[in-house]
Each structure stands twice: as C-alpha cells, then as structure tokens.
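Spelled out, the chains give:
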Amino acid sequence: MYKHKTEKDIRCPLEYGMDVFGGKWKPRIICMLGLNGVMRYNELKRELDSVSDTVLAATLKEMINDDLVERIQYDEVPPRVEYSLTNTGGTLIPVLGNICVWSRIRRGETDKPSYCSKCYYDRRDD
C-alpha cells in the first residue's frame, strides 16, 4: 500500500471524515454493503465493474483498518470470505444519502429520484 512521505495534517473534522470515507470507491462500497448486507469479494468487484483487483483489495483493507467494514473468513474448501459494514460503517449510510440528495439538487435534477440506481435508499424497498 502507498505510504505518504509526510504525515497528514488533519485539523478539521470534515478533513478527517473525507479521509476515512471519501474517494472514488469507498462511498460506493459502503452503499453496496448497505444495500446487500453481506457480499463476497467477487460480488463487490462485479458491482464496481471498473475497479482493479489491486485497488479494491487495498480499499477494503483501509476500510477494515478504519472499522467501516468487517471481513469474515470461513474455514471451508474452497475458502469463503464475506464483507459487511460494521456499526460504524452503517452510520455513514445517511451521510452519503444526504450527499446524493444535495448533488441532485445542485445539478437541477429535482424530477428524478433523490438517490442513484445503486444507492441503498433507492433499492431498499424493492
């Protein structure tokens, strides 16, 4: 995993939050796990169709270290590993949902649903 040459200087809670759950893949992983509950690695990879194995594996490790995602490995043949949100990770679902609403309003998309087609909120009642 890439190591920064200097330590990050996070002075603001917003900077801390963006460091923990921001980026290209973390919010999507949180939404997918929020929607599905438990997913295996290949299921996540299929939903996030353009992510590389290296990036997905590194992102999941970061999220596990930040107590957002739980990894459960079963002693079976073939091996089975499942990922799910921790309680801390689950608290981010409404935060990300509010960002989706803000984005739709900002883009003038008030005639569309408040959330994207792969969002927890859009599909939880299906």
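Below, the structure is looked at part by part. (Residues numbered from 1 in each chain as written. Predicted model: local features only at pLDDT ≥ 70, side-chain atom pairs only at ≥ 80, totals over all residues. Heavy atoms only, no water.)

Check the secondary structure of the protein chain and you find 7 helices and 3 strands. For the protein chain, the α and β elements follow one another from N to C terminus as α-α-β-α-α-β-β-α-α-α. Relative to its full complement of 126 residues, the protein chain shows a buried share of 31%. Sequence-distant contacts, at least 24 apart, represent 46% of the contacts inside the protein chain between residues at least 6 apart. (Helix = DSSP H or I, 4+ residues; strand = E, 2+ residues; numbered from the N terminus. Buried < 20%, exposed > 50% of the residue type's maximum accessible area, 1.4 Å probe, protein only. Contact = heavy atoms within 4.5 Å.)

Moving on to the pairing of strand β3 (residues 80-85). Most of β3 sits inside the fold, with 5 of its 6 residues counted as buried. The pairing of strand β2 (residues 69-74) with β3 spans 6 bridges and is classified as antiparallel. By the bridge assignment, Tyr74 is partnered in β3 with Arg80. Between β2 and β3, which follow one another and run antiparallel, lie 5 residues. (Pairing = 2+ DSSP bridges.)

What follows deals with helix α4 (residues 53-65). The end-to-end C-alpha distance of α4, which contains 13 residues, comes to 18 Å, matching closely the 18 Å that a straight helix rising 1.5 Å per residue would cover. Of the residues making up α4, those classed as buried are Leu56, Thr59, Leu60 and Met63. Buried residues of α4, viewed axially, fall in a sector of 100°; they line one side. Facing away from the buried surface of α4 by more than 90 degrees, the exposed residues are Thr54, Lys61 and Asn65. In this fold, the buried residues of α4 make contact with α2 (26-36), α3 (41-47), β2 and β3. Of the residues one or two after α4, Asp67 is the one with positive phi, at around 60°. (Expected span 1.5 Å × (residues − 1). Arc of directions from axis to C-beta.)

Moving on, we come to the environment of Lys26. Examined against the element boundaries, Lys26 turns out to sit in helix α2. For Lys26, a relative accessible area of 6% translates into the label buried. Residues Lys26 and Met63, 37 residues apart in the sequence, show an inter-C-alpha distance of 7.6 Å. If near-sequence neighbours (up to four positions away) are discounted, Lys26 is found in contact with Asp19, Val20, Phe21, Thr59, Glu62, Met63 and Asp66.

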